[in-house]
Amino acid sequence: MNVNWEETFLNTYGTPELTLVRGHGSRVWDVTGREYIDLLGGIAVNILGAAHPNYVQAVSDQVGKLVHTSNLYINEPSVKLANKLQELVGWTGAKVFFCNSGAEANEAALKLSRLTGKTQVVVVEGSFHGRTMGSLSLTAQPAKQKPFEPLLNDVTVVAINDLEALKMAITSATAAVFLEVIQGEAGVRSLSSEFIRSAREWTSEVGALLIIDEVQTGIGRTGAWWAHTESGVTPDAITVAKSLAGGLPIGALITGGEASKLFTPGSHGSTFGGNPVSCAAAISVIDVIEQEGLLSRATTLGQEFKDSLVNRSHGIVTQVRGRGLLLAAEIYIGGESDPAPKFVIKALEHGLLLNAVTPTAVRLAPALTIADAEMEQALLRWELTCNYFSEVPS
Ligand code: PLP
């Protein structure tokens, strides 16, 4: 197939390097038949890798039965998935709204927060909550926001882990605080547990919602179903997407307690939300994670990756941060101001898919199912890439 990207697509992504045609586990193949090990997983989406047999079966069965119903009728997979998610959060009065992406889940959460009767929202500098106009208003990255201003104006940005700024920002006018426990798009930067707990305490004091964006961290990515449980807080709502349906489009807003009572019929909706195929896929993702013990595997492999990415880097990697299988490696190549994109291009030549999440950091979000042999092969290719740069005179 002759791909003329620039003549075909709007100019939102730049021209990709590869055309991928198939995958198996953590390996993918391009159109020329070349094999790669995928350590990025469709940007933290393909949590079971490619073509897991249970997933293939579940999705194929559902496609053969019923693909779409609209929200005028109940479909069984959506109920089953919602019940699973209620169980996984374990909150009293948990309720679920399904949509199709992370941005949409945050739009729903933002609209929910307006039903508190207040409008001010607090977010953390560097946050990424999506690119629709509402979610972009919450994405505290000026370069992404500027061309689209004016956005929603009642958004206060506080510096990461700045308790004093957070305390000042949360007032009786606050409708909600949106947090990512680990800011994936900002370079895998963690909020401190103290910051998250303080946000819980202070939002409760003023009757504001604490909404945690688990779009990138949820569904086992960090070694627990949800990243926020480590800090011991119970938020009013979480948003989920990416890994939930293992590669099919889905998003969800999950609320608890009083927040579950705010929407009423007509408040919000989505034609495809709760699509039976995406929901059947998500049920299969959750089942496989449970059956194969993938939460603890994510924790174990995360630690192994953390150690090996540094130890096998010939001095190129100065730090690896993150939790479970959401990691970022800081790359140092003498004299280079943006070493990460160069590293990613070289790694691709060695058959490894990665992403330069910042100019200096490379992100890894491999499948929780990555096999030992795939991981060893990936680390070998990592080492070869590092070796190349360690031998380049600075
Ligand atoms: N929230 C977080 C934390 C994300 O990482 C992303 C995407 O990277 C989004 C929201 C937006 O999700 P989507 O691209 O599915 O709209």
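Residues numbered from 1 in each chain as written. Predicted model: local features only at pLDDT ≥ 70, side-chain atom pairs only at ≥ 80, totals over all residues. Heavy atoms only, no water.

Caption draft 1: Just the site of the ligand, in detail. Lining the immediate surroundings of the ligand are 13 residues, of which G102, A103, D213, Q216 and K242 lie closest. At 2.7 Å from an oxygen atom of the ligand is found a side-chain nitrogen or oxygen belonging to Q216. One of the side-chain nitrogen or oxygen atoms of K242 is found 3.4 Å away from an oxygen atom of the ligand. For the ligand, whose accessible area on its own is 390 Å², the fraction buried by protein is 81%. With three residues, helix 5 (residues 102-114) is the single largest residue contributor to the shell around the ligand. (Near = heavy atom within 4 Å. Polar contact = N/O pair within 3.5 Å; in protein donor to acceptor, adjacent residues only side chain to side chain. Areas by Shrake-Rupley, 256 points an atom, 1.4 Å probe, with all protein chains shown as cover. Helix = DSSP H or I, 4+ residues; strand = E, 2+ residues; numbered from the N terminus.)

Caption draft 2: Structural view of the pattern of salt bridges. If you walk through the whole model with that rule in mind, you get 16 salt bridges. Across the pair E330 and R321 runs a salt bridge, and its minimum N-O distance is 2.9 Å. Comparing E330 with R321, the two get one shared label, buried. Across the salt bridge formed by K342 and D338, the nearest N and O atoms sit 3.1 Å from each other. What makes K342 partly exposed here is its relative accessible area of 35%. The exposure class assigned to D338 is partly exposed, which follows from its relative accessible area of 31%. Residues joined by salt bridges that share partners form a network here, namely R27, E35 and R381. (Salt bridge = Lys/Arg side-chain N within 4 Å of Asp/Glu carboxyl O. Buried < 20%, exposed > 50% of the residue type's maximum accessible area, 1.4 Å probe, protein only.)

Caption draft 3: Inspection of the packing of aromatic side chains at higher detail. Using the criterion set out here, one finds four aromatic pairs in the structure. A ring pair is formed by F343 and F389, whose centres lie 5.9 Å apart and whose planes are at 20°; its orientation type is stacked. On the criterion of sequence distance, the pair formed by F343 in helix 12 (residues 339-349) and F389 in helix 13 (residues 372-391) is long-range, its members being 46 residues apart. F389 shares its class with F343; the two are buried. Directly above the ring of W29 sits R22, whose terminal nitrogen or CZ lies 4.1 Å from the centroid. When the ring centre of Y388 is taken as origin, the NZ or CZ atom of K346, which lies over that ring, is 4.1 Å away. (Phe/Tyr/Trp six-rings, centres within 6.5 Å; stacked < 30°, edge-to-face > 60°. Lys NZ or Arg CZ within 6 Å of the ring centre and 35° of its normal.)

Caption draft 4: Structural detail: the sheet that holds strand 7 (residues 174-179). With mixed pairing, seven strands are arranged side by side in an open sheet as 4-12-11-10-7-5-6. Unpaired on one side and paired on the other, strand 4 (95-99) and strand 6 (155-158) mark the two borders of the sheet. This sheet shows a mean twist of 20° between the axes of neighbouring strands, independent of strand direction. Both strand 7 and strand 10 (residues 209-213) contribute to a ladder of four bridges, which runs parallel. Bridge pairing links V177 to L210 in strand 10. (Pairing = 2+ DSSP bridges. Axes fitted to C-alpha atoms, helices over the stretch in contact; angles between N-to-C directions.)

Caption draft 5: The sheet that holds strand 17 (residues 361-364), seen in detail. On the basis of which strands lie adjacent, the open sheet formed by four strands has the order 13-14-17-16 and antiparallel pairing. On the outer flanks of this sheet lie strand 13 (317-323) and strand 16 (355-356), each paired with one strand and no other. Bridging between strand 13 and strand 14 (residues 326-331) involves six bridges; their strand directions are antiparallel. Residue pairing for strand 14: G322 is matched across the bridge by L327.

Caption draft 6: Quick look at the domain arrangement of the protein. Structurally, the protein comprises domain 1 (5-52 + 293-391) and domain 2 (56-291). Spacing between the C-alpha centres of domain 1 and domain 2 amounts to 26 Å. In this assembly, 27 residues from domain 1 lie in contact with 29 residues from domain 2. Between domain 1 and domain 2, roughly 2300 Å² of surface is buried when both sides are summed, and carbon and sulfur atoms account for 58% of that area. The largest per-residue losses of area from domain 1 upon contact with domain 2 belong to L295, R323 and L326, which jointly make up 31% of the total buried on that side. (Domains from an automatic or database assignment. Contact = heavy atoms within 4.5 Å. Buried area = accessible area lost by both parts, 1.4 Å probe.)

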